[in-house]
Amino acid sequence: MSMDKNDQDELKLYRGMDWPVNSSILIRQPTLGSICEYGEQEYFSMVHTLCSVGADLKWQLDELGVDYTKISDYELFLYMLARGLTKAQTEILFGDTLDFSQMQIMFNRQLQENVLVQFMGEEEPLQIDRYAYSSIVRILRRMHMLKRNDEMPGNEATRQILIEESREKDQASRNKPFKSFLLPLISSMVNSEGFKRNEQNIFDMKIYPFMDGVQRIGKIKNAQLLLQSGYSGFGVDLKKIDKETLNWMGELD
């Protein structure tokens, strides 16, 4: 049985390997320790910026006169997001060569569309086209278990309501102190039965196998609880439960 491309991606990511976007751009997979040293808040802010779509920036785009439902993911990345990131901000993922802030928007005649280009002196310039962008976002989302925001309004009135709700939510969160996303996950994993890392060496783990482990242990525990409840004779009816939910070795969502 042969593996498809996405299967190969996940196996390499689980192994902690870096991922080539194209011949000149490589995504480096950081450890929990390097994320901690970099700054968790800054790290995830940078990752979310690279992976953002119009639905993530409803009110910000509205203030610029842009309909968030009509701008494509690639256009948002190309014209508004990527070039706001400095080399110091993205070095943990892309190394010290790629610098989004130094990239220029240029028209690629072969592709018949605009791309981002970083000139490297006598070396071949770095280029991010639509395909490279898609690869970057797909791998980053997979590494961090992020899902694309697919929220779309059914009509104009709903769109305006969602914009206002987004603005109010963002303003309400501005003065709140930062709360670590990783700390409760790390603490839970270290204190989970059968997990073979402690509070020191867990920081040697790469981000993808760690996030995979979080979801896997959750899936295992959920399956065990359902089976215990079903076999007790006083709980859930296992015949009515999706068999995949009970398969703790199955694919993760």
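Residues numbered from 1 in each chain as written. Predicted model: local features only at pLDDT ≥ 70, side-chain atom pairs only at ≥ 80, totals over all residues. Heavy atoms only, no water.

Our focus in this paragraph is the pairing of strand β4 (residues 113-120). As defined by bridge partners, strand β3 (residues 104-108) adjoins β4 across five bridges and the pair is classed as antiparallel. By the bridge assignment for β4, Ile105 is matched with Leu116. In textbook terms, the turn of a hairpin is the stretch between consecutive antiparallel strands, and for β3 and β4 this stretch comprises four residues, one of which, Gln112, has a positive phi near 60°. Sheet topology note: the β4/strand β5 (residues 123-128) ladder contains four bridges and is antiparallel. Its bridge partner lying in β5, Met120 is registered against Glu123. (Pairing = 2+ DSSP bridges. Helix = DSSP H or I, 4+ residues; strand = E, 2+ residues; numbered from the N terminus.)

So, on to unusual backbone geometry. The backbone of Gln112 shows a phi angle near 60°, a positive value even though the residue is not glycine. By the element assignment, Gln112 lies in the loop between β3 and β4.

Taken together, the side chains of Leu64, Tyr79 and Met80 make up a nonpolar region of the molecular surface, amounting to roughly 310 Å² of accessible area. Within the secondary structure, Leu64 sits in the loop between α4 (58-63) and α5 (73-81). (Patch = residues over 30% accessible without salt bridge, like charges linked within 9 Å, V, L, I, M, F, W, Y side chains within 5 Å. Areas by Shrake-Rupley, 256 points an atom, 1.4 Å probe, with all protein chains shown as cover. Salt bridge = Lys/Arg side-chain N within 4 Å of Asp/Glu carboxyl O.)

Grouped together as the largest cluster of nonpolar side chains are 49 residues, with contacts concentrated most on Ile27, Leu93, Phe94, Phe100, Ile128, Met143 and Phe210. With seven residues, the single largest contributor to this core is helix α7 (residues 130-144). Discounting residues that sit within four places of it in the chain, Leu93 has contacts with Leu26, Ile27, Arg28, Pro30, Tyr43, Met46, Val47, Leu140 and Met143. (Core = buried A, V, L, I, M, F, W, Y, C linked by side-chain atoms within 4.5 Å. Buried < 20%, exposed > 50% of the residue type's maximum accessible area, 1.4 Å probe, protein only. Contact = heavy atoms within 4.5 Å.)

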